[in-house]
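# A closer look at the structure
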Amino acid sequence: MPDALNPEDLDAEQRAALEELLFRLADDEYVHGERLIEWQIYAPTLESDLALANVAQDEFGHARLWYDLLEELSHTEAELIWERPADEFRHATLVELPFAEGDWADVVLRSYLYDAAERLRLDALVDTSYAPLADRVGKVLSEERYHLENAQSWLDRLAEGDSRDRVQDALDRLFPHALSLFVEPDHEDAIVDNGFRTMSTADLRIEWLETVIPYLESLGLDVPEPDEVERPSARGRDGTHTDHWDELAAEFRRTYEELEAPEPARIGGERV
Amino acid sequence: MSADDAPEATDATACGYTEYVDGEVPEGFPKTGVGAAGVEADIWDALYEIEDPEMPVSIVDLGLIYDVRVVEREGEDGEAKTLGIVEMTLTYTGCPARDYLENDVRCAILSAGVDEASVRLRFTPEWTVDMVTEAGREALREFGLGV
């Protein structure tokens, strides 16, 4: 296994590879959180309103941890989130799509597909060679566990009776976008060779398919054949996105722009 | 009622989804500043004054502080500067009071008379409620929260 690496140890190639990995992690979590909170007041029970808000809060928390690591590599929060061109975000298109109107099945299924992938990706980072990342993965994994359980408990319920058709519709619509989670990074070889991630993207994809397909089929759903799915032209990972992303990016930045790049709040201020 | 009628103890826990129930305290945690001396001891004292934003308990007694140290380094003007470093964690990653806490800790470091302050977040080991000190447990019990 490669030696543990810190920011000052990285050469230019290692840094580029690590940044690609971190941008994917951070952008996925941030955008997934942004979409989830749209549903916060529409979930079907008060408990699920709270669960959804809580999951979104975790996703923002995790995004912040990953953006922190990019800040350690000399980026600023403004560059990373508020002023980065929309076509430089690297999240998968799955998390940027608006929810089909009024469709709880869409929320639940999307969360399941995403959280199952997130679990596997984090597992492959537990033994990362990049020390600042290794420090954070365990904590994030602990918090993610509940997300997957929550999504599965709802899927189990929705797959019974009439609502199964809605889940099937959501699956047909979202599965092609979920596959974009596993588009190989430009720096895949460097990511793996340097031990930043201990499993290849191709193997992660296989493991994810072997996880989600049997489970979804056990609920009576028809899962599209992965290699025969017509893939959307926007892949997300390479900076190409659906039109929905431009709209969402403009929305979440509006207040930042109106306030002309505010500093973070400080209760009490510097007291010394 | 006789002992035979007493309800059996159950192993039910309050909420299966909190991480607050189990968790082992890693060797050497919680850190409380015992044995610290000089400026480092002063920093510990100042940290004890900072309370969690939601509960009247110090962040040291909550077990959030992982390390305090003071090092010397050369400043930009070539003069030797003292740098106070605090490593700390958060109970959960989505903590909305993170900026406030970091700022409070930075102020606590500077109040001990060092030239510069650095606050570094660490998430290993993962914080659990078992890292709360005895004094912290007492403060939380008074607040109405048994841990």
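Up top you'll find the structure we're talking about.
A short tour of the structure in this document, coming up.

Scoring rules and cut-offs
Residues numbered from 1 in each chain as written. Chains lettered and ligands numbered in written order. Predicted model: local features only at pLDDT ≥ 70, side-chain atom pairs only at ≥ 80, totals over all residues. Helix = DSSP H or I, 4+ residues; strand = E, 2+ residues; numbered from the N terminus. Buried ≥ 20, exposed ≤ 12 C-beta atoms within 10 Å, placed from the backbone. Contact = placed C-beta atoms within 7 Å. Pairing = 2+ DSSP bridges. Axes fitted to C-alpha atoms, helices over the stretch in contact; angles between N-to-C directions. Core = buried A, V, L, I, M, F, W, Y, C linked by C-beta atoms within 7 Å. Left-handed = near helix turned anticlockwise from the far one by under 90°. Nonpolar A, V, L, I, M, F, W, Y, C, P; charged D, E, K, R; others polar. Parallel < 35°, antiparallel > 145°, perpendicular 65-115°, else oblique.

Right, let's get into the overall build of chain A. A tally of regular secondary structure across chain A gives nine helices and zero strands. Reading chain A from its N end, one meets helices and strands in the order α-α-α-α-α-α-α-α-α. Its C-alpha atoms put chain A at 60 × 45 × 35 Å along the principal axes. Buried positions account for 38% of the 272 residues belonging to chain A.

This part covers the overall build of chain B. Check the secondary structure of chain B and you find three helices and three strands. In sequence order, chain B lays out its α and β elements as α-β-β-α-β-α. In chain B, buried positions account for 26% of the 147 residues. Restricting to contacts in chain B with at least 6 residues of sequence separation, those with at least 24 account for 66%.

Residue and element names in this part refer to chain B. Spatially, three strands are ordered 1-2-3 in an open sheet, and the strand pairing comes out mixed. Of all strands in the sheet, those bounded by a partner on one side alone are strand 1 (65-74) and strand 3 (116-121). On average, each strand axis in the sheet is tilted by 20° relative to the strand beside it, whichever way the strands run. Relative to strand 3, strand 2 (residues 80-88) is paired through six bridges, and the arrangement is parallel. Bridging from a neighbouring strand, Ile85 pairs with Ser118 of strand 3. Docked against the sheet, helix 1 (residues 38-48) engages strand 1 and strand 2, running at close to 135° with respect to strand 1. Running at roughly 145° to strand 3, helix 2 (residues 98-111) makes contact with strand 2 and strand 3 of the sheet.

In this chain, Phe29 of chain B is followed by Pro30 of chain B through a cis amide linkage whose omega measures -5°. Relative to the assigned elements, Pro30 of chain B resides in the segment before helix 1. Looking along the chain, the bond that leaves Thr124 of chain B and enters Pro125 of chain B is cis, with omega of -5°. By the element assignment, Pro125 of chain B lies in the loop between strand 3 and helix 3 (134-143). Phi at Ser74 of chain A takes a positive value of approximately 80°, unusual for a residue other than glycine. Inspection of the secondary structure assignment puts Ser74 of chain A in the loop between helix 2 (46-72) and helix 3 (77-82). A residue is classified by how many C-beta atoms lie within 10 Å of it, and Ser74 of chain A, with 9 of them, is exposed.

With that settled, consider the environment of Trp66 of chain A. Residue and element names in this part refer to chain A. Relative to the helices and strands, Trp66 resides in helix 2. With 23 C-beta atoms counted inside 10 Å, the residue Trp66 sits in the buried group. Sequence separation between Trp66 and Leu21 is 45 residues; the distance between their C-alpha atoms is 9.8 Å. For Trp66, the residues in contact, after removing those within four places along its chain, are Leu22, Leu25, Ala26 and Glu29.

Residue and element names in this part refer to chain A. Ranked by internal contacts, the top residues of the largest apolar core, which has 59 residues, are Leu22, Ala26, Trp66, Leu94, Val108, Leu109 and Leu113. Within the residue set of this core, elements represented by two or more residues are helix 1 (12-38), helix 2, helix 3, helix 4 (104-123), helix 5 (131-158), helix 6 (164-178) and helix 8 (201-218). Once you skip the residues sitting within four places of it in the chain, Leu113 turns out to touch Leu94, Leu174, Ala178 and Val212.

Our focus in this paragraph is the pairing of strand 1 of chain B. Residues and elements named next belong to chain B. Where strand 1 lies against strand 2, nine bridges are found, and the strand directions are antiparallel. Along strand 2, the bridge assignment pairs Ile65 with Met88. As consecutive antiparallel partners, strand 1 and strand 2 are separated by five residues, and within that stretch Gly78 has a phi angle of approximately 85°, a positive value.

Here the focus is the packing of helix 4 of chain A against helix 5 of chain A. Residue and element names in this part refer to chain A. One way to put it is that helix 4 packs onto helix 5 with a least axis distance of 8 Å and a crossing angle of 145°. Between helix 4 and helix 5 lies a crossing of left-handed hand. Residue-level contacts link Ala105, Val108, Leu109, Ser111, Tyr112, Asp115, Ala116, Glu118, Arg119 and Leu122 of helix 4 to Val137, Val140, Leu141, Glu144, His147, Leu148, Ala151, Gln152, Trp154, Leu155 and Leu158 of helix 5. Classifying every residue of the contact of helix 4 with helix 5 by side-chain character gives 14 nonpolar, three polar and four charged.

What describes two packed helices is the angle between their axes and the distance between those same axes. Residue and element names in this part refer to chain B. The contact between helix 1 and helix 2 brings their axes to 8 Å, and the two run at 140°. When the axis of helix 1 is compared with that of helix 2, the two are oblique. The handedness of the crossing between helix 1 and helix 2 comes out as right-handed. Taking contact as the criterion, the partners of Ile43, Ala46 and Leu47 in helix 1 are, on helix 2, Val105, Ala108, Ile109 and Ser111.

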